[in-house]
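Chain by chain, the residues run as shown.
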Amino acid sequence: MDRLFLLKPGFLDANVDQQGRKYYCPSCAAIEGALFYYPHLREKLEVIYIDFPRPRQAIVDLIGEAYQRCPMLIIGEERDGAKFSSSLKESNGMKFLNSTDQIMHYLAVTYGVGFPHP
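Since this is a predicted model, take the numbers as computed values, not measurements. Sequence order sets the numbering: in each chain, residues are counted from 1 along the sequence as written. Note on the predicted model: pLDDT of at least 70 is required for a residue's local features to be given, and 80 or more for side-chain atom pairs to be given and counted; whole-chain, interface and lining totals, by contrast, use all residues. Excluded from the side-chain calculations are hydrogens and water; all other atoms, namely the structure's heavy atoms, are used.

Visitor: Tell me about unusual backbone geometry, and name the residues and values.
Guide: Of note, the amide linkage connecting Arg54 to Pro55 takes the cis form, showing an omega dihedral of 5 degrees. Secondary structure is summarised from DSSP: a helix means a run of H or I of at least four residues, a strand means a run of E of at least two, and numbering begins at the N terminus for each. Within the secondary structure layout, Pro55 lies in the loop between β2 (45–50) and α3 (57–63). Cis peptide bonds are those with omega within 30 degrees of zero, and the linkage from Cys70 to Pro71 qualifies with 0 degrees. One can find Pro71 in the loop between α3 and β3 (72–74). Residue Asn92 is not a glycine yet carries a positive backbone phi of 55 degrees. Note that Asn92 resides in the loop between β4 (89–91) and β5 (94–97).

Below you can see the structure in the form of structure tokens.
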């Protein structure tokens, strides 16, 4: 099963400000929008919400410390990913995508949902 990692909204980031503002990840929000439009995707993907601070251990455990960016889609072992070979990355024997555009394209091709309009 494909695993989709998204940041939980409402996080603090002391590197951006010291005022206690809460933030959300715009890229994760875009993916969340696709999940809202196509709710059946939640049955086909394992959607995992993680906290903002690093290390993001759930991702590190799978593909290593170098790749903690979100959103992150780790391709299920049962998928061959040949259609996406030019954009897939690989670490620890796991294939993944960590670009919002590539993830949206993958979801459209793999699960038959709409493509983002250019």
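Visitor: Account for the sheet that holds β3, naming residues and giving values.
Guide: With mixed pairing, 5 strands are arranged side by side in an open sheet as β2-β1-β3-β5-β4. Of all the strands in the sheet, the pair left with one neighbour each is β2 and β4. When strand polarity is set aside, the average angle formed by the axes of neighbouring strands in this sheet is 30 degrees. Two strands qualify as a pair provided that DSSP identifies no fewer than 2 bridges between them. Pairing between β4 and β5: 3 bridges, direction antiparallel. Across the sheet, the residue bridging to Glu90 is Lys95, located in β5. Strands β1 (2–7) and β2 of the sheet are contacted by helix α1 (residues 26–37), whose axis makes an angle of about 130 degrees with β1. For helices, the axis comes from a line fit to the C-alpha atoms of the stretch in contact; other axes are also lines fit to C-alpha atoms, and the angle between any two N-to-C directions lies between 0 and 180 degrees. Residue contacts are counted whenever heavy atoms from the two residues lie within 4.5 Å of one another.

Purely spatial values, then, with no claim about function.
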